[in-house]
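Structural characterization, general
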Amino acid sequence: MFHNPDVILLSIIAGCVPVFGLIIYFGLKSRQRNLDTWMRETTARLVRAQISCRTFKPASLVYGNFADASSTVINFNIKNQNDIHVGQAVYDLGSVTLTTGKDRYLVVHEGLWKVSTRVRPLKGQGLLAPQIAECTGRGLLRKKYLYNFGEAGTFEVCSSLWGRRALIWQDGRVAGEWFSLGPYELSGKAVVLALELPLIYQIILLAGPFTQRQHIPY
């Protein structure tokens, strides 16, 4: 019999640690199984079925699913309308990197008071080329994000109140839709556009918005 309260407390803690460890372990395993199942079942056909805006005719489509890479890194694997893998976004605690083919791009936060996010191509030895896109956000409850793609134009992404869907506007007209996929927080998301854009621009719209306060954007 233990009579010392400190010894009793330590014994309880020692007994609980393995239990909590098993709960966390099997919880993560279950989460990964759910994500793997969702990834196998997600197709471009499923994405088309989830389009809610019918005011435009889809011309291009990209979608992606999340997958754990490590305890601090999450990969976002991207496919096109033919269910072909075309790129990836890697969300680390300190950075976001986009890849398509052999090309790599780094998402960089610049500015002190008014922070903007710029996407710059990565060259050899970690060198950065001039930006190809800039993203800025505004609004509190209903966020709006402006994506400036230079000659390709500026697109405004206006999210719904809960952030699960957003309309994409260009020159006052609906140019597409962005929406989350599936029942899980990390199931994935999709972008459907009424026009053809270079693949990297489609990936930027899909992988964003990019923020500094969290390494996974929703």
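Structure: see above.
Residues numbered from 1 in each chain as written. Predicted model: local features only at pLDDT ≥ 70, side-chain atom pairs only at ≥ 80, totals over all residues. Heavy atoms only, no water.

1. Overview of unusual backbone geometry
- For Asp83, which is not a glycine, the phi torsion comes out positive at approximately 60 degrees.
- Along the polypeptide, Asp83 turns up in the loop between strand S2 (74-80) and strand S3 (85-91).
- Assessed through its relative accessible area of 34%, Asp83 is described here as partly exposed.
- Here Asp171, not a glycine, exhibits a phi torsion of approximately 55 degrees, which is positive.
- Mapping Asp171 onto the fold places it in the loop between strand S10 (165-170) and strand S11 (173-180). (Helix = DSSP H or I, 4+ residues; strand = E, 2+ residues; numbered from the N terminus. Buried < 20%, exposed > 50% of the residue type's maximum accessible area, 1.4 Å probe, protein only.)

2. A short note on the sheet that holds S2
- The twelve strands are arranged S1-S2-S3-S4-S5-S6-S7-S8-S9-S10-S11-S12 in a closed barrel whose pairing can be described as antiparallel. Each neighbouring strand pair of the sheet contributes to a mean axis angle of 20 degrees, computed without reference to strand direction.
- Examined bridge by bridge, strand S4 (residues 96-100) and strand S5 (residues 103-110) share five bridges and lie antiparallel to one another. Its bridge partner being in S5, Leu98 is matched across the sheet by Tyr105. (Pairing = 2+ DSSP bridges. Axes fitted to C-alpha atoms, helices over the stretch in contact; angles between N-to-C directions.)

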